[in-house]
Amino acid sequence: MKPRKALTIAFFVFLLGIGYLSMHSAPVLSDDNYSYHGETEWRTDFSEAEQLASEQDRPIIVYFWTTWCTYCEDYNQYVYSDPEVQAELDDFVKVAVNLDSDQGEYGRLQQRYNANYPPQHVIITPEGEQLVKISGYADREAFLDYLAEAEREYDAGDNQ
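Just so you know, these numbers come straight off a predicted model, no measurement behind them.

Asks: What's the story with the overall build of the protein chain in this structure? I'm lost.
Replies: When its secondary structure is counted, the protein chain shows six helices and six strands. What you see in the protein chain, going N to C, is helices and strands ordered as α-β-β-α-β-α-α-β-α-β-β-α. Taking 160 residues into account, the globule formula puts the C-alpha radius of gyration at 15 Å, and the protein chain, at 20 Å, lies well above it. Based on the C-alpha atoms only, the size of the protein chain along its principal axes is roughly 85 × 35 × 25 Å.

What follows is the structure in structure tokens.
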């Protein structure tokens, strides 16, 4: 084998190795049942989330995101990764909706809650009534305030 041919083959093997390693070292954003953001596990099946929320009498937080959204990455790094935020999110049934997905259920949710761009959060009752909507990025403190407002609204609805 000529040296030039051997170097070419070695070069392509090297490139394939880099590709393989980069694919396996990238963070997992979603699997069939969950989407992962900032160490927070979000459901991907809205129907299951509705049922769980109804059984457990908890509000639902719907997170509309995309992989190309830079503010979504800010949520991952600065908001969802915060232990206090994670503790507060445990009071909600969490559902992540990728706005780039072709899944029919996601399109209906997008239209119903007028979520046209990422990131957006809509906090709703198990019956789908909107409690709070967060359009765009909210820093950690503002996000916690929105969660508290949603819980107050939800509790007020239970007392009627």
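Asks: Help me understand the pattern of salt bridges, please; the structure alone is not making it clear to me.
Replies: Note that side chains of opposite charge can pair when their charged atoms are close. Following the criterion strictly, the structure yields five salt bridges and no others. Residues Arg 43 and Glu 48 are paired through a salt bridge, measuring 4.0 Å at the closest nitrogen-oxygen approach. If you follow the salt bridges from partner to partner, you end up with Asp 82, Glu 84, Arg 140 and Glu 141 in one network.

Asks: Please clarify how a negative patch on the surface should be interpreted in this entry.
Replies: A contiguous patch of negative charge, built from Asp 57, Glu 127, Glu 129, Asp 139, Asp 145, Glu 149, Glu 153 and Asp 155, is present on the exposed surface. Inspection of the secondary structure assignment puts Asp 145 in helix α6 (residues 140-158). Judged by relative accessible area, Asp 145 falls into the exposed class, the value being 52%.

Asks: How should the packing of aromatic side chains be read in this particular structure?
Replies: We describe a pair of aromatic rings using the distance from one ring centre to the other and the angle between the two ring planes. All told, the structure shown has 10 aromatic pairs when counted by the stated rule. With a centroid separation of 5.7 Å and an interplanar angle of 70 degrees, the aromatic rings of Phe 11 and Phe 12 are classed as edge-to-face. Overall, the relative accessible area of 45% leaves Phe 11 in the partly exposed class. For the pair Tyr 75 and Phe 143, a centre-to-centre distance of 5.7 Å together with 65 degrees between the ring planes defines the contact as edge-to-face. Separated by 68 residues along the polypeptide, Tyr 75 in helix α3 (residues 70-80) and Phe 143 in helix α6 bring together distant segments of the chain. Across this residue pair, the class does not change: Tyr 75 and Phe 143 are buried. Through a chain of ring-to-ring contacts, three or more aromatic side chains come together here, namely Trp 42, Tyr 63, Tyr 71, Tyr 75, Tyr 80, Tyr 137 and Phe 143.

Asks: Please clarify how the environment of Glu 127 should be interpreted in this entry.
Replies: As for its position among the elements, Glu 127 is in the loop between β5 (120-124) and β6 (130-135). A residue is classified by how much of its surface remains accessible, and Glu 127, at 61% relative accessible area, is exposed. Put simply, Glu 127 and Glu 39 are 88 residues apart on the chain and 28 Å apart in space, counted from C-alpha to C-alpha.

Asks: Help me out: how do you make sense of the pairing of β6 in this one?
Replies: Each regular strand carries side chains that alternate between the two faces of the sheet. By the bridge criterion, five bridges tie β5 to β6 in an arrangement that is antiparallel. The residue bridging Ile 124 from the neighbouring strand is Gln 130, located in β6. Connecting β5 to the next strand, β6, in antiparallel fashion are five residues, including Gly 128 with a positive phi near 100 degrees.

Asks: Looking at this structure, I do not really get a nonpolar patch on the surface. What am I missing?
Replies: Nonpolar side chains collect at one region of the surface, where Phe 11, Phe 12, Phe 14, Leu 15 and Ile 18 lie side by side and expose about 520 Å² of accessible area between them. By secondary structure assignment, the location of Ile 18 is in helix α1 (residues 3-25). Residue Ile 18 is classed as partly exposed on the basis of its relative accessible area of 43%.

About the thresholds
- Residues numbered from 1 in each chain as written.
- Predicted model: local features only at pLDDT ≥ 70, side-chain atom pairs only at ≥ 80, totals over all residues.
- Heavy atoms only, no water.
- Helix = DSSP H or I, 4+ residues; strand = E, 2+ residues; numbered from the N terminus.
- Rg over C-alpha atoms; globule rule 2.2 N^0.38 Å.
- Salt bridge = Lys/Arg side-chain N within 4 Å of Asp/Glu carboxyl O.
- Patch = residues over 30% accessible without salt bridge, like charges linked within 9 Å, V, L, I, M, F, W, Y side chains within 5 Å.
- Areas by Shrake-Rupley, 256 points an atom, 1.4 Å probe, with all protein chains shown as cover.
- Lys, Arg positive; Asp, Glu negative; His and termini not counted.
- Charge placed at Lys NZ, Arg CZ, Asp CG, Glu CD.
- Buried < 20%, exposed > 50% of the residue type's maximum accessible area, 1.4 Å probe, protein only.
- Phe/Tyr/Trp six-rings, centres within 6.5 Å; stacked < 30°, edge-to-face > 60°.
- Pairing = 2+ DSSP bridges.

Bear in mind that shape data such as this cannot, by itself, settle questions of function.
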